[in-house]
Structures are given as C-alpha cells and as structure tokens.
Amino acid sequence: MSEPTATHVDAESNSVQVLPASFYPSRLSHASHRRREDGIRALLPLESRPGLISLLVGKPNSETFPITSMQFNIRDTASPNGEATMQLTEEELNDGLQYTFTNGLPALREWLFGLQERLHGRRKGEGWTITIGAGSQDMIFKGVNALINPGDAVLIEAPVYAGTLTIFHTLDAEMIEVETDGHGVCSHSMREILENWPPSKPKPKLFYTVPYGSNPTGSTATLERRLEVLALSREHDFFILEDDPYYNLYFGPANRPPSYFELERDLPEVGRVLRFDSLSKIMSSGLRVGFASGPEAILRVMDLHSQAVNLQASSFSQMIALKVLSAWGYDGFTAHTARVAQFYREKRDVFEAAMQRHLAGLAEWTSPEAGMFFWFKLLGMEGDSEYIIRTTALERGVLALPGAAFYPNPRKTAYVRASFSLLPEDQVNEALRRLREVIVEVRKANKRG
Ligand SMILES: Cc1ncc(COP(=O)(O)O)c(C=O)c1O
C-alpha cells in the first residue's frame, strides 16, 4: 500500500481540509507503534452508558476518603472584599477525588474546547482533540516521544526553553538550531537549512518553538515568519510543536499575530500543528495542569503513554481549575488574563528602567513583548557570560542564568536571562546595581590583562 502523500486530504468540513488518519502512522515513533491500550481504561468510557451497572474498575470507595468538603476563595474584583468563595458540590468533590479519563475530566475538556475556539478559531469535530496533562511539560514530553526515534533530526529555535532540551537529549535527537532574533524564529534561516539539506538524509520530523514571549528571549514571532514556517512545514513535511505558555501573557502591540494552531486552519492539510497550553502562568504552577491540542492520531498515542506512566493528570487539580474557569466564564477568563498580562507589563517596565539606569552601555537587549524574561548581552565579556555570572556575580549576591543553558548544542554566549516576574522594584535595582559593579570590574581587569 502506498503511503498517503502530504497533499492527500481526508475530509472537507466547514472548508477545513484535515489530513487523513492514514497520514500519521509512518510519522510516529517506533515506541508509539508498540504502545498498547490498558484493558481497563479502554472500557472506561462505557461506564457512562445510562442504566449500566459497572463492575469494571477497582476505584476506591470515596466513603473511605478523609476529605468531605472543599471550599476556597478566589480573587474577585467585583466583590466588595475582593474575594469570592467557591464550594465544590458533592458530585464535584467525588469526581475530583476519584480517577478520571486519561485525557482529562470531560467537563474541563469541554471548557477548553470552547476556549480554543474563542482564542484560535478551531472548532471541535474538525479533526483535532484535546488531552489534559500534568502541566504542559508532561504533554511536550509525550508529544516528542510520540514522534521521535533516536537519531532523528529535529529543528529547534535557538536559544530555546532549556526544559525541552533535556527531552531531545534523552531521545538522542539530532538538534538542528534555527536562529532567532527580536522578531522570533528566523524563517529565512530555516528555509536555507532545509533547501541545503543533504538529499540522502531524512528530513527533520518536527520544529519546536515558543512563539509568544519566548523563554528565554522574550520575543514574539511575527505573522510573516509564522506563515513562512507553516509553508515550510508543508514543503518539507514536518510537524510544528507550538509550546505557548506565554500566549496569555502578551503585552506587545495590539495587532498580535495569531497562533500557528489558528493559522493552519485556513491552509490545506490541517493537522501538522501540535499545540501546548499551560495554566501554570495564569492560574497556578503548582496545580500542574496543561493541555495539548492537535491531531487525534498523535494525542491518542500520548494518551497511551500516560496510561503507562501516570494514568492521568490529577483529577483534583483539574476540578479546582474547572471550578474557577466555570465561575469566570470565557469573558472572565479574558479579563483575568488581561490583568495578568498588565501585571507583567508593569514588571517589565520596572525592570527595563533599572536596566537603563545600571546597564546602559554595558549590555544590549530588546524589550520583551510577552512573558517574564529579559535576555541581554553583556558587552566586553569576550562573548562569554558563563564565568562572570556563575562566579563573580554570584559572590556579589546576584544570580541570573548564563545564556549557554538555552542552546541545544554546546557554545559560549555573552547572553544572560533574567526573570522579572517576582522581584519588587528595590530588589531589581539592587540586583542590577550589583551586576553593574561586577561588569565594570571585570571589564577593567580584561583591559589591564
Ligand atoms: C516555554 C515553556 N514551556 C513549558 C513550560 C512548562 O510549563 P508547565 O508548568 O505547564 O509544565 C515552561 C515553564 O517555565 C516554559 O517556559
């Protein structure tokens, strides 16, 4: 049987042309093909049939659980005391304390389907689905595992979120760096890489990117670059892994670019974008709730992976998240995330003013438009920030992250990442004053030496 070509489309519903299920098997990893459904979880959905008496699952009896009620307060700008009380109903508490489906609490998935439609224009039933995980990191790990075999080539924007590098390292992927600048990934460099690809070598299977407020650079990819990357993904047959935890922390110009997930909807062959969202930056990082949206064939394999390692993300965390999200509604969600983005915009402004005050002429940077990081280059350090940050600066009582941690392949870099999410203004000023002292001293010593 011949492999379906990339131009083969399965269905045309509401003008969305979805890649067929047969497109995916040859693109999945060997491990994905070996994954098997757990016999119990395979039958779990049948339990919800009306009138059915289930003897299926060894669920513990919640009458034996110690927690009998759950109440908590949330911030509420409309209420006089600034708070609103949430009380889980008996049914919600039971569901939250019990096992649930591998892909998540059904009501939370429904809410998230609605959110993706509002934010990204992708409707349920158009060849994609949602799986909830223990943070987006969990989903990224499983997404990469679904696609990559040892030795496979992958395109990775550089610098990049260090937390995913460990995934690609573990899988022994060949990481091909695609440079970035203040406008996100340099899609023309990606084109050059792909057009000069050795004919005998299998092409990269995926491109991993953090398109909004990138960790570490804080930059956001422009629309033009996103469109070029999407076009390349079709020309050269690779998936786009869109890791977007800072999507809702955007505070740049109003005409923000759409996500890859949204942009691909209007192209032929929908089904090459695997998107990762997180509640960590907008609700709580400790709840550990994130979710993946993308092709059913890939998410199915990710679910089988979960069945083998952790069965599901915490039902309790999902229930708390659902309770808050349902109380907000979609408009409340938008209002909340706008407030969070404004909070970080103010933090960014405070940090940037302190950068101007202490590091003008000693460092270079581009102002971030989303997220919580400043990425700056130390000038006069002979292209290496590692030593000064790890030794001299640390001894003077200031800790930042040397930029080398964010490159797939070992290298020296003069860049440093500083997070502006937590510190109050006086500490920001003190930290950057200390850093200034260190830089001035080292530059003097370099000149003498
Ligand atoms: C780019 C990026 N992706 C993923 C994650 C992991 O987020 P989560 O808490 O949802 O696992 C982070 C956390 O800092 C991140 O910066």
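Residues numbered from 1 in each chain as written. Predicted model: local features only at pLDDT ≥ 70, side-chain atom pairs only at ≥ 80, totals over all residues. Heavy atoms only, no water.

Novice: Talk me through the overall build of the chain; I want residue IDs and the actual numbers.
Specialist: The secondary structure content of the chain amounts to 13 helices and 16 strands. Since a compact globule built from 449 residues should have a radius of gyration of about 22 Å, the 24 Å found for the chain is in line with a globular shape. Taking the principal axes of the C-alpha coordinates as reference, the chain spans close to 85 × 65 × 40 Å. Across the 449 residues in the chain, those meeting the buried criterion constitute 52%. Sequence-distant contacts in the chain: of pairs separated by 6 or more residues, those separated by 24 or more amount to 71%. Each charge class in the chain can be summarised by its mean position, and for the 47 positive and 55 negative side chains these summaries are 4 Å apart. (Helix = DSSP H or I, 4+ residues; strand = E, 2+ residues; numbered from the N terminus. Rg over C-alpha atoms; globule rule 2.2 N^0.38 Å. Buried < 20%, exposed > 50% of the residue type's maximum accessible area, 1.4 Å probe, protein only. Contact = heavy atoms within 4.5 Å. Lys, Arg positive; Asp, Glu negative; His and termini not counted. Charge placed at Lys NZ, Arg CZ, Asp CG, Glu CD.)

Novice: Residues and numbers for the confidence of the model for the chain, please.
Specialist: Mean pLDDT over the chain stands at 93; residues scoring 70 or higher make up 97%. Low confidence marks residues 1–13, where pLDDT is under 50. Its contacts with residues over four positions away, or in another chain, come to 25 contacts. (pLDDT = per-residue confidence, 0-100.)

Novice: I'd love a proper account of the site of the ligand, names of residues and values included.
Specialist: Taken together, the neighbourhood of the ligand is formed by 14 residues, with D243, Y246, S278, S280 and K281 sitting nearest. Within the side chain of N215, a nitrogen or oxygen atom sits 2.9 Å from an oxygen atom of the ligand. Here an oxygen atom of the ligand and a side-chain polar atom of K281 are 2.7 Å apart. Surface burial for the ligand is 90%, taken as the share of its 400 Å² of free accessible area covered by protein chains. With 3 residues, the top contributor of residues to the shell around the ligand is helix α5 (residues 136–147). (Near = heavy atom within 4 Å. Polar contact = N/O pair within 3.5 Å; in protein donor to acceptor, adjacent residues only side chain to side chain. Areas by Shrake-Rupley, 256 points an atom, 1.4 Å probe, with all protein chains shown as cover.)

Novice: Residues and numbers for the domain arrangement of the chain, please.
Specialist: What the domain assignment reports for the chain is domain 1 (19–329) and domain 2 (335–448). Between domain 1 and domain 2, the C-alpha centre-to-centre distance is 30 Å. On the domain 1 side of the contact with domain 2, E177, P216 and F251 bury the most area, a combined 30% of that side's loss. The partner of R411 in a salt bridge is E177, and the shortest N-O contact between them spans 2.5 Å. In this structure, the connection of domain 1 to domain 2 is made through 11 residue pairs in polar contact (both at pLDDT 80 or more). (Domains from an automatic or database assignment. Buried area = accessible area lost by both parts, 1.4 Å probe. Salt bridge = Lys/Arg side-chain N within 4 Å of Asp/Glu carboxyl O.)

Novice: Could you give an account of empty space enclosed by the protein, naming the residues involved and the relevant values?
Specialist: One pass over the structure, following the stated rule, counts 2 cavities of 30 Å³ or more. Of the voids in this model, the largest cavity is the one considered here, and its volume is about 70 Å³. Surrounding the largest cavity, L115, D244, P245, N248, D277, S278, L279, I282, F291 and F333 form its lining. Considering the residues around the second largest cavity, the lining is formed by E157, T180, G184, V185, T209, V210, P211, S214, T217, S219 and A221. Residue classes in the lining of the second largest cavity are distributed as 4 nonpolar, 6 polar and 1 charged. (1 Å grid on protein atoms, 1.4 Å probe; cavity = no way out; pocket = protein on both sides within 12 Å on 5 of 7 lines; lining within 4 Å. Points joined across faces, edges and corners; volume = space filled by probe spheres on them. Nonpolar A, V, L, I, M, F, W, Y, C, P; charged D, E, K, R; others polar.)

Novice: Summarise the packing of α5 against helix α10 (residues 296–309); cite the residues concerned and give the values.
Specialist: The N-to-C vectors of α5 and α10 enclose an angle of 115°; their axes lie 9 Å apart at closest approach. As the angle between them shows, α5 and α10 are arranged roughly perpendicular. Between α5 and α10 lies a crossing whose hand is right-handed. Of the residues in α10, those touching α5 at M139, F141, K142, G143, N145, A146 and L147 are I298, V301, M302, H305, S306 and V309. Partitioning the contact of α5 with α10 into residue classes produces 8 nonpolar, 4 polar and 1 charged. (Axes fitted to C-alpha atoms, helices over the stretch in contact; angles between N-to-C directions. Parallel < 35°, antiparallel > 145°, perpendicular 65-115°, else oblique. Left-handed = near helix turned anticlockwise from the far one by under 90°.)

Novice: Can you explain the sheet that holds strand β13 (residues 363–365)? Please cite residues and give values.
Specialist: Here 4 strands make up an open sheet; going across it, the order is β13-β14-β16-β15 and the pairing antiparallel. On the outer flanks of this sheet lie β13 and β15 (401–402), each paired with one strand and no other. Pairing of strand β14 (residues 373–378) with strand β16 (residues 415–419) involves 5 bridges; the strand directions are antiparallel. Across the sheet, residue F374 finds its bridge partner in β16, namely A418. Where helix α11 (residues 315–359) meets the sheet, it contacts β13, β14 and β16, and its direction lies at approximately 15° from that of β14. (Pairing = 2+ DSSP bridges.)

Novice: A description of helix α8 (residues 223–235) should follow, citing residues and the corresponding values.
Specialist: An ideal rise of 1.5 Å per residue puts 18 Å on 13 residues; α8 measures up with 18 Å between its terminal C-alpha atoms. All of the buried residues in α8 are R225, R226, V229, L230, L232, S233 and R234. Directly after α8, the chain includes D237, whose backbone phi takes a positive value near 60°. (Expected span 1.5 Å × (residues − 1).)

Novice: Requested: an account of the side chain of Q116, with residues and values cited.
Specialist: With respect to the secondary-structure elements, Q116 resides in helix α4 (residues 106–120). When sequence neighbours within four positions are dropped, the list of residues in contact with Q116 reads G121, R122, W128, I130, F261, R275, D277, F291 and S293.

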